[in-house]
Amino acid sequence: MASEAVKKVLEAESESERKTAEAKQRRDEILMQAEGRSAHIIQKRLGDASKESAKIRNEFDSKLEDYKKNADAECEKQLGSIKALAEKNMSSAVEAVIREYF
């Protein structure tokens, strides 16, 4: 009878160890799956962020190009005005020099 009780205790301990080992294995599998899913999610979000940043960069590049074109046009316009004024002043200066010396 005592040996029967010992036998049952040993079987219970064996069953407990087996269940503990199965639980640890299942825990490890769940953790590995979670790590895999989180890595996939992170990669997807990084890809999305990269696409969004490229889109924003392209928008800013386009706006910058428009700004440069407008700035160049404004510079050309002001240069034209300055050249016209310089030519007018040059004519006046030449006439003044001619009057002064001739």
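Residues numbered from 1 in each chain as written. Predicted model: local features only at pLDDT ≥ 70, side-chain atom pairs only at ≥ 80, totals over all residues. Heavy atoms only, no water.

(A) Molecular detail of the overall build of the chain. Across its full length, the chain holds one helix and zero strands. Compactness check: the chain gives a C-alpha radius of gyration of 43 Å against a globular reference of 13 Å for 102 residues, more than 25% above the reference. The principal-axis extents of the C-alpha atoms in the chain amount to approximately 145 × 20 × 10 Å. Out of the 102 residues belonging to the chain, those deemed buried represent 0%. For the chain, the accessible area works out to roughly 9500 Å², and carbon and sulfur atoms hold 59% of it. (Helix = DSSP H or I, 4+ residues; strand = E, 2+ residues; numbered from the N terminus. Rg over C-alpha atoms; globule rule 2.2 N^0.38 Å. Buried < 20%, exposed > 50% of the residue type's maximum accessible area, 1.4 Å probe, protein only. Areas by Shrake-Rupley, 256 points an atom, 1.4 Å probe, with all protein chains shown as cover.)

(B) Looking closely at the packing of aromatic side chains. One pass over the full model with this rule turns up zero aromatic pairs. Note that K63 overlies the ring of F60, its terminal NZ or CZ placed 5.8 Å from the centroid. (Phe/Tyr/Trp six-rings, centres within 6.5 Å; stacked < 30°, edge-to-face > 60°. Lys NZ or Arg CZ within 6 Å of the ring centre and 35° of its normal.)

(C) Just the pattern of salt bridges, in detail. One pass over the structure, following the stated rule, counts six salt bridges. The shortest N-O distance in the salt bridge between E22 and R18 comes to 2.4 Å. Of this pair, E22 and R18 both sit in helix α1 (residues 2-101), four residues apart, roughly one helical turn. Owing to a relative accessible area of 41%, E22 belongs among the partly exposed residues under this scheme. Its salt-bridge partner being K44, residue D48 comes within 3.4 Å of it at the nearest N-O pair. One end of the pair, D48, and the other, K44, are both in helix α1, four residues apart, so they sit about a helical turn from each other. A cluster of three or more residues bridged by salt bridges with shared partners is formed by E15, R18, K19 and E22. (Salt bridge = Lys/Arg side-chain N within 4 Å of Asp/Glu carboxyl O.)

(D) How the structure looks around the environment of K44. What makes K44 partly exposed here is its relative accessible area of 49%. Each C-alpha atom of the pair K44 and L85 lies 61 Å from the other, and the pair is 41 residues apart in sequence.

(E) Spatial organisation of a nonpolar patch on the surface. On the surface, a nonpolar cluster with roughly 270 Å² of combined accessible area is contributed by M90, V94 and I98. With respect to the helices, strands and loops of the structure, M90 is situated in helix α1. (Patch = residues over 30% accessible without salt bridge, like charges linked within 9 Å, V, L, I, M, F, W, Y side chains within 5 Å.)

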